[in-house]
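One-letter residues, chain by chain:
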Amino acid sequence: MVSKAALRSRSGDVCITGHDSGPVFEVQPSSVVYPEGLSKGTVTLNCQARASPAATYRWHVNGTNVPVGDLRYTLVAGNLVISGPQYGSDGGSYQCLAMNRCGTILSRVANLKFGYLHDFSGEGQSPQTVYEGAGAFLACQAPAHYPALSYRWFVNDFPSFVKPDGGRWFVSQVTGNLYLAKAEPNDTASYFCFTTIDMDISTKSTFSKANQLTVQPDANTRKSAPAIKVRFPAETYALAGHTTQLECFAYGNPVPKLRWRKVDGLLPSKAGASAEGPILTLPEMTFHDEGVYECEAYNSEGRDKHQGRINVQAQPEWLQVMSDSEVEISSELHWTCVAAGKPRPSIRWLRNGQPLSTQDRVEVNGGRLKVINLALEDSGMYQCVAENKHDTIYSNAELRVQVQAPDFRSNPVRRLVPAARGGQVMLECRPRAAPKPTLFWSRGTELLTNSSRVTVTPDGILWIHNISRADEGKYTCFAENYLGKANSTGHLSVRDATKITLAPSNADINQEENVTLQCHASHDPTMDLTFTWAHNGALLDLEDPAGPYHRVEGKETIGDLLIVSGQLSQAGTYSCTAQTVVDSASASAKLVVRGPPGPPGGLVVKNVAETSAELRWSRGYDNHSPIGKYVIMGCSPLSSGWRTMRTEPSNIEGNAESARVVGLLPWMDYEFQVIASNILGSGEPSMSSHTVRTQQAAPTVAPSGLGGGGGDRNELIITWTPMAREYQNGDGFGYILAFRKRNTPTWVVERVSNVESSRYVYSNQSLSPYCPFEVKIKAYNRKGEGPFSQIALVHSAEEEPTVAPLRINATALTAFEMQVSWDPVQHLSANGILRGYEIRYWRQHEREAAADRVRTAGLETTARVAGLRPSTRYHVTVLAYNSAGTGPASPKSTVTTRRPPPNRPPGNVFWKTDGSWVTVRWDHVKALGNESAVLGYKVLYKHEGQSALKVLDKGKTSVTLPLPKDNGYVVLEIRSWGEGGDGAAHETIVSRDSGETD
């Protein structure tokens, strides 16, 4: 008798079942880019497999054996080390073969390629000249290279790289060209294209000859609408899971802004900030990202658009693979592999590294493999290979064909089989054997055959029905194939049957109510009885204290179920099962839970108009309480969440399945939900509808915030608040301005085509200063024009005042401060509104151009000027000003600041307390010859955030002050004062203790 299956490999070694295992890759080789010309380095291609016995390895390059052992090729464990890789002889596709006596597997392909970057050609490009305000580009003309390059440009000297500068510059990572949206005179320079390649072990860079760009100044720079010059392809193929980038850049003056959208859907949020830049970046591509994308360039002069489609493809990915199998000899093998990918992957099969095709006993049909009449030589390692143009993937499994005489040692017949009287019992007979053995049963010397109470199945299972005490005894299973025989015996023991004595009853509750379902049973007293409950066939967890289901504690024969806070999802059929090790009995009851309605289904939006849309839906479950009404919820990009929508009819009855939503904004995206309610509450909302956009309509409101004024001479500036998205009502949006001089009949009408514009400048040499204009504005879009706003009065640019203030008087207040006064300007001319006055002051030895300036905030005719120098002579003038600037200066006035106060604090300060009072004394401060005389002293008294100031004349050098009642302390600051201002302070802390300080 053969006790173990033996499999023979090609080398003649035996693969032992239960002991050996075929190779499984743990590390596979990865592709490498190696620098061309680097002769002293090495490349390591990794390969490690788990196997028992340990695997040995071979390598193929381009389908032929790698001569391992050669001086340049070394095998370290399974890794292939190539010394001094050479472009001509070592480049190619490498695969690792791992093998042992159980079989051979083939690794994924790893490509060894050589990276290079040649120098730029020695010829520089012709110099370029462009006028200020125009667009331009400089071609990179990169040299031959592998792999792909990254591009930058620097100006004049390395590494002064070009920066975007508010979107004026752009470097294409497709062509390497440098683009300039709007040239400025300071752009004149020499530009160099700087290219870099990244390889696995190094990087290499090189740069071009100088590209000279000259920008000619233009005093009358023309504005221009955007013109897209960098266009992404009409068809772009992206790979799922990878990042895709689209490039778009435009010339224009002002510099165009860019924005991206998905024409046939919403732009993926993962685009992030790139949605408003020249390179749209979409990471982790999915098939949902497929579609038509549009780049729009816009400025105040117009817009330009470009569209192209992204098609997403995918590398192969396994959906189903085969698994290791042990199959008996002469039987059939069926394996299936299923792979997804775009283009659809093709599938082929390998056995021990060799291709499998349909022949003899083998049938290959795409992802299906069938082998009939299995033989020992069919054992080995099998691989399913899925490939498309993007990648190739491998799945491995080991097949072992078994041959063995019957053996019960690992799976004998159960020695003791209890069974319930009146029930049925199953005795299994499952010896290990290959090929399948013949099986039969006996009781004692009686061979068992099929009868009214006994069934013997072809696969060796013995069934005994309607069991009685007479069926107790020993039962033996016999197994036989051409390799040998075996048998195994078990004993059948008959017990009393289990019965349900009190079955659960049907129940009806409202949501959140509790209910108890009863279940009692009787059983054989020699065995333990357990109860289980199932809900709609799913077994319940009764041990979770936080769950809704709980076992009611009681006698062993009672298994009642308590359901806490019943929910709609808990309605259904509850089955109680009482069971012992030999049998079980069950009984069921239905639980009805009444609650709010379920979500309506099938929500569709039809007949979408400018401000309304029709919704249709199908009724959801009423959950045993009739639906009373429906409410429609909606959201748009402008709303912070879902809100109740106005409808027709305003109250939607419970038998309705359609309604019209009204009061929508034109040209706005909406999603809708429907919520049903009954007397028990409101249910869950339906699934959201697909996003719909209402029809376009002419604007219905005028822009707000109309005003203006200011600007340069001969200009009328009109400003307004740009219309928010909810008021635009359509695309092709812009503004129509109408303005006229007050009391004239003719309106000047101008169109502003940019939705984000907020100002318009009208220039006319004949405009008189501060001329009143009547101004009105309205919005327009593709569908028409909206109403005009109310008329606003806006003045043209002011001119500077023409009259100077008179009778200037400057008076020194202290050593550091003066007061200036003047007569107000009688401003009767019509060139602007007087805003205030500007005081200019400068020291006698300084030029007037270096004067310091102070402005009044209104039309006051006096001002204090601080921060002056002591004992210094100042010149002072006063000028009137308005929004256009300052007028002529007044005649000069002269003032000399006072001498400075002494810079020494009072000395020899001491104090003495008397009850709740303290007397403080100090020495007199004497002024020096260059200081102003001391006229007295100031004492600042501070306690708990409160302060008080006492001013004493010159003759007093002491003061009596109250002390706090809480035994606290006070802080005193003592300083001299005079015409020059306050002198330096002496600060001291005074408490109820007498003291003194120097």
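Residues numbered from 1 in each chain as written. Predicted model: local features only at pLDDT ≥ 70, side-chain atom pairs only at ≥ 80, totals over all residues. Heavy atoms only, no water.

With an unreviewed UniProt entry as reference, the protein chain is termed Contactin 2, source organism Oncorhynchus tshawytscha. Database annotation for the protein chain, UniProt heading Subcellular location (unreviewed entry): "Cell membrane". Here is the UniProt Sequence similarities (unreviewed entry) comment for the protein chain, exactly as written: "Belongs to the immunoglobulin superfamily. Contactin family." (UniProt positions renumbered as here; feature names shortened; annotations may be inferred.)

**Quick notes on the overall build of the protein chain**
Scanning the protein chain from N- to C-terminus turns up one helix and 93 strands. For the protein chain, whose C-alpha radius of gyration is 48 Å, the value lies well above the compact-globule estimate of 30 Å for 998 residues. Summarising its shape, the C-alpha atoms of the protein chain cover approximately 145 × 90 × 80 Å along the three principal directions. Among the 998 residues that make up the protein chain, the fraction classed as buried is 45%. Taking the contacts inside the protein chain whose residues are at least 6 apart along the sequence as the reference set, 65% of them involve residues at least 24 apart. (Helix = DSSP H or I, 4+ residues; strand = E, 2+ residues; numbered from the N terminus. Rg over C-alpha atoms; globule rule 2.2 N^0.38 Å. Buried < 20%, exposed > 50% of the residue type's maximum accessible area, 1.4 Å probe, protein only. Contact = heavy atoms within 4.5 Å.)

**Some thoughts on unusual backbone geometry**
For the peptide bond that leads from serine 52 to proline 53, omega is -5°, which places it in the cis range. Structurally, proline 53 is set in the loop between β6 (48-52) and β7 (56-61). In this structure, the amide linkage connecting glutamate 648 to the following residue, proline 649, adopts the cis form with an omega of 0°. Of note in the backbone geometry, asparagine 536 takes a positive phi value of approximately 50° without being a glycine. Note on placement: asparagine 536 falls in the loop between β54 (530-535) and β55 (538-539). Residue asparagine 536 is classed as exposed on the basis of its relative accessible area of 51%. For serine 871, which is not glycine, the phi torsion reads 50° and is therefore positive. Tracing the sequence through the fold places serine 871 in the loop between β82 (862-865) and β83 (873-882).

**Focus on the environment of asparagine 714**
The residue asparagine 714 is located in the loop between β70 (707-708) and β71 (715-719) in this model. Classification of asparagine 714 by relative accessible area gives buried; the value is 17%. Placed 655 residues apart in sequence, asparagine 714 and tryptophan 59 show a C-alpha to C-alpha distance of 84 Å. Aside from chain neighbours lying at most four places away, what touches asparagine 714 is Tyr762, Ser763, Asn764, Gln765 and Leu767.

**Section: the UniProt feature "domain: Ig-like" (unreviewed entry) in the protein chain**
Here, UniProt's "domain: Ig-like" (unreviewed entry) annotation points to residues 23-113, 132-208, 226-311, 316-400, 406-493 and 498-592. Counting secondary structure, residues 226-311 comes out at 0% helix and 56% strand; the distance between its end C-alpha atoms is 28 Å. The distance separating the terminal C-alpha atoms of residues 498-592 is 29 Å; by composition the span is 0% helix and 47% strand.

**Overview of the UniProt feature "domain: Fibronectin type-III" (unreviewed entry) in the protein chain**
The positions that UniProt labels "domain: Fibronectin type-III" (unreviewed entry) are, in the present scheme, residues 599-697, 702-799 and 804-900. Counting secondary structure, residues 599-697 comes out at 0% helix and 45% strand; the distance between its end C-alpha atoms is 34 Å. The span residues 702-799 shows a helical share of 0% and a strand share of 42%, and its end C-alpha atoms are spaced 32 Å apart.

**Some details on the nonpolar core**
Nonpolar side chains in soluble globular proteins tend to be buried together. Core analysis: the largest hydrophobic core is formed by 24 residues, its most contacted members being Trp153, Val162, Trp169, Leu178, Tyr191 and Leu213. Elements with a minimum of two residues in this core: β15 (136-138), β17 (150-155), β18 (169-171), β19 (178-180), β20 (189-198) and β22 (211-216). Sort the elements by how many residues they give to this core and β20 lands first, with four residues. Residues contacting valine 162, with those up to four places away along its chain left out, are Trp153, Phe154, Val155, Trp169, Leu178 and Tyr191. By size, the runner-up hydrophobic cluster in this structure holds 22 residues, among which are Val66, Leu80, Tyr94 and Ala98. (Core = buried A, V, L, I, M, F, W, Y, C linked by side-chain atoms within 4.5 Å.)

**Here's the deal with the side chain of arginine 740**
Summarising the element assignment, arginine 740 is placed in strand β72 (residues 734-741). Note on arginine 740: relative accessible area 19%, which makes it buried. Once you skip the residues sitting within four places of it in the chain, arginine 740 turns out to touch Pro745, Thr746, Trp747, Pro772, Phe773 and Glu774.

**Section: the environment of glutamine 212**
Of note, glutamine 212 is situated in strand β22. Overall, glutamine 212 belongs to the partly exposed group, its relative accessible area being 28%. Excluding residues that lie within four positions of it along the chain, glutamine 212 makes contacts with Pro127, Gln128, Thr188, Ala189 and Ser190. Looking at glutamine 212, its side chain comes within polar contact range of the main-chain oxygen of alanine 189, at 3.2 Å. Reaching out from glutamine 212, the side chain makes a polar contact with the side chain of serine 190 at a distance of 2.8 Å. (Polar contact = N/O pair within 3.5 Å; in protein donor to acceptor, adjacent residues only side chain to side chain.)

**Quick word on the packing of aromatic side chains**
The final tally for this structure, using the stated rule, is 29 aromatic pairs. Relative to phenylalanine 194, the ring of phenylalanine 158 has its centre 5.4 Å away and its plane inclined at 35°; by these criteria the two rings are tilted. Here phenylalanine 158 is found in the loop between β17 and β18, whereas its partner phenylalanine 194 is found in strand β20, with 36 residues between them in sequence. A residue is classified by how much of its surface remains accessible, and phenylalanine 194, at 10% relative accessible area, is buried. Summarising the aromatic geometry, the rings of tyrosine 549 and tyrosine 574 are spaced 6.2 Å apart at their centres and angled 55° between planes, so their arrangement reads as tilted. (Phe/Tyr/Trp six-rings, centres within 6.5 Å; stacked < 30°, edge-to-face > 60°.)

**As for the pairing of strand β73 (residues 748-752)**
On a regular strand, each side chain points to the face opposite its neighbour's, so the side chains alternate between the two faces of the sheet. Relative to β73, β72 runs antiparallel, the two sharing five bridges. Following the sheet pairing, tyrosine 735 is matched in β73 by valine 752. The hairpin formed by β72 and β73 contains six residues between the paired strands, and asparagine 743 there has a positive phi angle of roughly 70°. (Pairing = 2+ DSSP bridges.)

**Describing the sheet that holds strand β38 (residues 380-388)**
Pairing in this open sheet of five strands is mixed, and the strands run β31-β39-β38-β34-β35 from one edge to the other. Looking at the sheet topology across the chains shown, the edges are occupied by β31 (325-328) and β35 (354-356). Recorded for the sheet is a direction-independent mean angle of 35° between the axes of neighbouring strands. (Axes fitted to C-alpha atoms, helices over the stretch in contact; angles between N-to-C directions.)

**Topic: the sheet that holds β71**
A sheet is described by the order of its strands in space; here three strands give the open sequence β70-β71-β74, paired in antiparallel fashion. At either margin of the open sheet sits one strand with a lone partner, and together these are β70 and β74 (759-763).

**Quick word on the pattern of salt bridges**
Across all of its chains, the model carries 45 salt bridges by this definition. Its salt-bridge partner being arginine 259, residue glutamate 296 comes within 2.8 Å of it at the nearest N-O pair. Note that glutamate 296 is positioned in strand β29 (residues 291-299) and arginine 259 in strand β27 (residues 257-262), a separation of 37 residues in sequence. Accessibility expressed as a relative area gives 8% for glutamate 296, which makes it buried. One salt bridge connects arginine 361 with aspartate 378, and the closest N-O pair in it is separated by 2.7 Å. Taken together, the positions of arginine 361 in the loop between β35 and β36 (362-365) and aspartate 378 in the loop between β37 (368-371) and β38 put the pair 17 residues apart, joining distant regions of the chain. A single salt-bridge network, built from bridges that share partners, covers Asp165, Arg168, Lys182, Glu184 and Asp187. (Salt bridge = Lys/Arg side-chain N within 4 Å of Asp/Glu carboxyl O.)

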